[in-house]
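If you want the building blocks of each chain, they are given just below.
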Amino acid sequence: MNIQLIAEIMGTVAFAISGAMLAIERKMDLFGIVFLGIVTAAGGGFIRDMTLGIVPPAMFSSPMVLPLAILSSLAVCALVAWLYKGSDEELHGERFQWILNFTDAIGLGLFTVAGANTAIDSGYGDYHAFVIFLGMLTGVGGGMFRDVLAGIMPAVLRKHVYACASLVGAICYLGLLCAMPRGYAMFTGAMIVVVIRLLASHYKWNIPRVM
Amino acid sequence: MNIQLIAEIMGTVAFAISGAMLAIERKMDLFGIVFLGIVTAAGGGFIRDMTLGIVPPAMFSSPMVLPLAILSSLAVCALVAWLYKGSDEELHGERFQWILNFTDAIGLGLFTVAGANTAIDSGYGDYHAFVIFLGMLTGVGGGMFRDVLAGIMPAVLRKHVYACASLVGAICYLGLLCAMPRGYAMFTGAMIVVVIRLLASHYKWNIPRVM
Amino acid sequence: MNIQLIAEIMGTVAFAISGAMLAIERKMDLFGIVFLGIVTAAGGGFIRDMTLGIVPPAMFSSPMVLPLAILSSLAVCALVAWLYKGSDEELHGERFQWILNFTDAIGLGLFTVAGANTAIDSGYGDYHAFVIFLGMLTGVGGGMFRDVLAGIMPAVLRKHVYACASLVGAICYLGLLCAMPRGYAMFTGAMIVVVIRLLASHYKWNIPRVM
């Protein structure tokens, strides 16, 4: 079965959840929550497809992306309304933040390898830097739109080791492609991103400064 | 006569006026006012054409857009300089805000249907979600650039029922196309957007929140 | 020899330096410094190529841009670490700001003419407004990304006579092309931008306001 499709579906759900959760935390209305879910889930792929000149972008030509993003966002709404009824401060609680962070890491990992893959499938496999860049752009793009629209500083600027994790994952994926079938390489590449992100969050990793 | 052209011309003038007015309110210099007028009038169509891969974008291939946007901005300058000479606070008065809001609604409505139309004319009529998205993008894009460049939170995020109005108008336009000639459908679709926006402004409509 | 290539190389180095310097001033980590150097150096050309539908963008198809931007950024890091060791406030000193401003002006000038040139070479020479726009976009784009990512208001909005300098340079370049060989026209056009920027900075030029 199509491994690329599976990665995109799981990434879409994960990012839509993170978008909807952030929208709820920011007290947006129902339209805003679904909108932010869609933008987060589809934003990275949208810029990737614009860069590659793919018209219409995958989010409109695929019959899955939009319905999945909308359903995931609505499911988050229902769940939050049911779980946190009345307890406003809970939204800023540790568990809520952890789930937001975790789904974001999953989305980042899956979209990084899926984006690199699309670049290869479009015939640009020989431009290694371009493939890696498109992987990063696809991974980072959705979350960047999400944060800007929610009025917070984008994670890619705020969090140490965010773009870095995506970069390492994309490079590893490209390297692993020479050694194993695509499906395994995608899974391993995405896992690397997730693990780096979670370790970096937990241990508050930093990158050395010049001064 | 070409109904698409008329819609684009009227939308260009309306959005250029709203851009120039906001620039004046924000105390920009003459270059900034004309620049913001052009960006507001041409921004939505520019992203639409980039998404569709149309090169050069309509704002450069059409002989009307740039001159119209520049002339409209300069006319606003002249009018404001003449009307409000010396009375600084007037700029934040109710009438000024109302005109800004009204021209913005007109631009939003006309560009929504014109954008959906361009998508259909480019051969993507069967991707309904894509057509609706391009309508919204064309409608919302110019005002978004305008607000970001003027350093205020984009109306699309600030105002309830802004993107929503564009969404409803684009969907209605697509539905009406099956029932009546294009010209009437465009006019009705644009009117729906304007009416929703003005009612929403006046009655301060809200969309329900999750919690 | 290829004058366009020389302009792009010099512009890349100048903009990468300005990006890396701003990143250091904003206390970013090593990854952030190199990242901001690359974004500043390659950002303008990237949007230009997206607008023109060139895939992959020049920054990935040319073997020079990325290595040059990375090396320039690292060189700035080494130099700053060596020169300013321990003296933190120096970074906000006048000399530091002057170099940042100067490299930014050089980059703006060179990318303006190089961008206009790419538009002509891509066959859009007859759309004068489009050529001028692409010159400005290429010149202004990198610095705009740089400033947004560094969390400061973009120079194009903050500084009087910034986009204006690029505009005048692009128009002059287009005019000079009729009168002299391309190489001289490019050099003169870029010089005009640099001189306007430096004079405007030094004498704090303003553009008249409406009220």
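Residues numbered from 1 in each chain as written. Chains lettered and ligands numbered in written order. Predicted model: local features only at pLDDT ≥ 70, side-chain atom pairs only at ≥ 80, totals over all residues. Heavy atoms only, no water.

Enquirer: Quick one: what's the story with the overall build of chain A, residue by residue and with numbers?
Expert: Looking only at helices and strands, one finds 9 helices and 0 strands in chain A. Relative to its length of 211 residues, chain A is compact, with a C-alpha radius of gyration of 17 Å against a globular reference of 17 Å. When its C-alpha atoms are laid out on the principal axes, chain A stretches across 55 × 45 × 30 Å. When each of the 211 residues of chain A is scored for burial, the buried share is 55%. Within chain A, contacts between residues at least 6 apart in sequence are counted, and of these 73% link residues at least 24 apart. With an accessible surface of roughly 9,000 Å², chain A has 70% of that area assigned to carbon and sulfur atoms. Put simply, chain A has 12 plus and 12 minus side-chain charges, and the middle of one group is 5 Å from the middle of the other. (Helix = DSSP H or I, 4+ residues; strand = E, 2+ residues; numbered from the N terminus. Rg over C-alpha atoms; globule rule 2.2 N^0.38 Å. Buried < 20%, exposed > 50% of the residue type's maximum accessible area, 1.4 Å probe, protein only. Contact = heavy atoms within 4.5 Å. Areas by Shrake-Rupley, 256 points an atom, 1.4 Å probe, with all protein chains shown as cover. Lys, Arg positive; Asp, Glu negative; His and termini not counted. Charge placed at Lys NZ, Arg CZ, Asp CG, Glu CD.)

Enquirer: Help me get a handle on the packing of aromatic side chains, residues and values and all.
Expert: Within the structure shown, the criterion is met by 24 aromatic pairs over all chains. Plain terms: the ring middles of Phe60(A) and Phe133(B) are 4.8 Å apart, the flat faces sit at 40 degrees to each other, and that makes the pair tilted. Linking Phe60(A) in helix 3 (residues 58–61) with Phe133(B) in helix 6 (residues 128–149), this pair reaches from one chain into another. With a centroid separation of 5.0 Å and an interplanar angle of 10 degrees, the aromatic rings of Trp98(C) and Phe102(C) are classed as stacked. A residue pair is termed a helical-turn pair when its members lie 3 or 4 positions apart in one helix, as Trp98(C) and Phe102(C) do in helix 5 (residues 94–124) at 4 residues. Note on Phe102(C): relative accessible area 29%, which makes it partly exposed. (Phe/Tyr/Trp six-rings, centres within 6.5 Å; stacked < 30°, edge-to-face > 60°.)

Enquirer: Please set out the state of the cysteines residue by residue, giving values where relevant.
Expert: Following the criterion strictly, the structure yields 0 disulfides over all chains and no others. Lacking any disulfide linkage, Cys77(B) is separated from the closest cysteine sulfur, that of Cys164(C), by 14 Å. (Disulfide = S-S within 2.5 Å.)

Enquirer: Tell me what's going on with the UniProt feature "domain: Glycine transporter" (unreviewed entry) in chain A, and back it up with residues and numbers.
Expert: In the numbering used here, UniProt assigns the "domain: Glycine transporter" (unreviewed entry) feature to residues 6–79 and 102–175 of chain A. Between the end C-alpha atoms of residues 6–79 of chain A the distance is 24 Å, and the span holds 84% helix and 0% strand. (UniProt positions renumbered as here; feature names shortened; annotations may be inferred.)

Enquirer: Give a description of the pattern of salt bridges that names residues and reports values.
Expert: In total, this model carries 15 salt bridges over all chains according to the counting rule given. The partner of Arg146(A) in a salt bridge is Asp147(A), and the shortest N-O contact between them spans 2.9 Å. The residues Arg146(A) and Asp147(A) share a single accessibility class, namely buried. Asp49(B) serves as the salt-bridge partner of Arg48(B), at 3.0 Å between the closest nitrogen and oxygen. (Salt bridge = Lys/Arg side-chain N within 4 Å of Asp/Glu carboxyl O.)

Enquirer: Outline the environment of Glu94(B), listing residues and values.
Expert: Looking at where Glu94(B) falls in the secondary structure, it is placed in helix 5 (residues 94–124). Glu94(B) sits 37 residues away from Val131(B) along the chain, and the two C-alpha atoms are 36 Å apart.

Enquirer: So what's going on with unusual backbone geometry? Residues and values would help.
Expert: Note: most residues except glycine have negative phi, and most peptide bonds are trans. Of note, the bond from Val55(A) into Pro56(A) is cis; its omega dihedral lies within 30 degrees of zero at -10 degrees. Topologically, Pro56(A) is positioned in the loop between helix 2 (30–52) and helix 3. In the Ramachandran plot, Lys27(B) falls in the positive-phi region, its phi being about 60 degrees despite a non-glycine side chain. Mapped onto the elements, Lys27(B) comes out in the loop between helix 1 (3–25) and helix 2 (30–52).

Enquirer: Can you tell me about the confidence of the model for chain A, naming the residues and giving the values?
Expert: Per-residue pLDDT for chain A has a mean of 90; in total, 93% of the residues score no lower than 70. Considering each helix and strand of chain A separately, the mean pLDDT is smallest for helix 7 (residues 155–158) of chain A, with a value of 76, and largest for helix 8 (residues 163–176) of chain A, with 95. (pLDDT = per-residue confidence, 0-100.)

Enquirer: Please give an account of the UniProt feature "transmembrane region" (unreviewed entry) in chain A that cites residues and values.
Expert: Residues and elements named next belong to chain A. With numbering aligned to this structure, UniProt lists the feature "transmembrane region" (unreviewed entry) at residues 6–23, 30–48, 60–84, 96–115, 127–149, 161–177 and 183–200. Split by type, residues 96–115 is 100% helix and 0% strand. Its first and last C-alpha atoms lie 28 Å apart. From the first C-alpha to the last, residues 127–149 spans 32 Å; its make-up is 96% helix and 0% strand.

Enquirer: Help me get a handle on the packing of helix 1 (residues 3–25) of chain A against helix 2 of chain A, residues and values and all.
Expert: Any two packed helices are characterised by how steeply their axes cross, that is the angle between the axes, and by the distance between the axes. All names here are of chain A. With their axes 7 Å apart at the nearest point, helix 1 and helix 2 run at an angle of 140 degrees to one another. Considering the angle they form, helix 1 stands oblique to helix 2. In this structure, helix 1 meets helix 2 at a crossing whose hand is right-handed. Two secondary-structure elements touch here, helix 1 through Glu 8, Thr 12, Phe 15, Ala 16, Ser 18, Gly 19, Ala 20, Ala 23 and Ile 24 and helix 2 through Gly 32, Ile 33, Leu 36, Gly 37, Thr 40, Ala 41 and Arg 48. Its residues assigned to classes, the contact of helix 1 with helix 2 shows 8 nonpolar, 6 polar and 2 charged. (Axes fitted to C-alpha atoms, helices over the stretch in contact; angles between N-to-C directions. Parallel < 35°, antiparallel > 145°, perpendicular 65-115°, else oblique. Left-handed = near helix turned anticlockwise from the far one by under 90°. Nonpolar A, V, L, I, M, F, W, Y, C, P; charged D, E, K, R; others polar.)

Enquirer: Quick one: what's the story with the side chain of Arg48(A), residue by residue and with numbers?
Expert: By the secondary structure assignment, Arg48(A) is in helix 2. Filtering out sequence-adjacent residues up to four positions away, Arg48(A) remains in contact with Glu8(A), Ala58(A), Ala114(A), Gly115(A), Thr118(A), Leu134(A), Leu137(A) and Thr138(A).

Enquirer: An account of a nonpolar patch on the surface is requested, with residue identities and associated values reported.
Expert: Residue and element names in this part refer to chain A. There is a patch of nonpolar side chains on the surface, built from Leu 30, Ile 70, Leu 71 and Leu 74 and spanning about 320 Å² of accessible area. When residues of the nonpolar patch are assigned to their parent elements, the largest contribution, 3 residues, is made by helix 4 (residues 65–83). Looking at the secondary structure, you find Leu 74 in helix 4. (Patch = residues over 30% accessible without salt bridge, like charges linked within 9 Å, V, L, I, M, F, W, Y side chains within 5 Å.)

Enquirer: Run through the packing of helix 5 of chain B against helix 9 (residues 182–203) of chain B, naming residues and quoting values.
Expert: All names here are of chain B. Where helix 5 meets helix 9, the closest approach of the two axes is 8 Å, and the angle between their N-to-C directions is 145 degrees. Crossing angle aside, the handedness with which helix 5 passes helix 9 is right-handed. Listed contacts from helix 9 to Asn 101, Phe 102, Ala 105, Ile 106, Leu 108, Gly 109, Leu 110, Val 113, Ala 114, Asn 117, Ile 120 and Asp 121 of helix 5 are Arg 182, Met 186, Gly 189, Ala 190, Val 193, Val 194, Arg 197, Leu 198 and Ser 201. For the contact of helix 5 with helix 9, the class distribution of residues is 13 nonpolar, 5 polar and 3 charged.

Enquirer: Describe the nonpolar core, with residues and values.
Expert: Nonpolar side chains in soluble globular proteins generally cluster together in the buried interior. Of all hydrophobic cores here, the largest spans 106 residues; its most connected members are Met59(A), Met59(B) and Met59(C). In this view, Met59(B) contacts Ile38(B), Ala42(B), Phe46(B), Val65(B) and Leu66(B); residues no more than four positions away in its chain are not counted. Listed in part, the 17 residues of the second largest apolar core include Ile24(A), Val76(A), Cys77(A) and Leu149(A). (Core = buried A, V, L, I, M, F, W, Y, C linked by side-chain atoms within 4.5 Å.)

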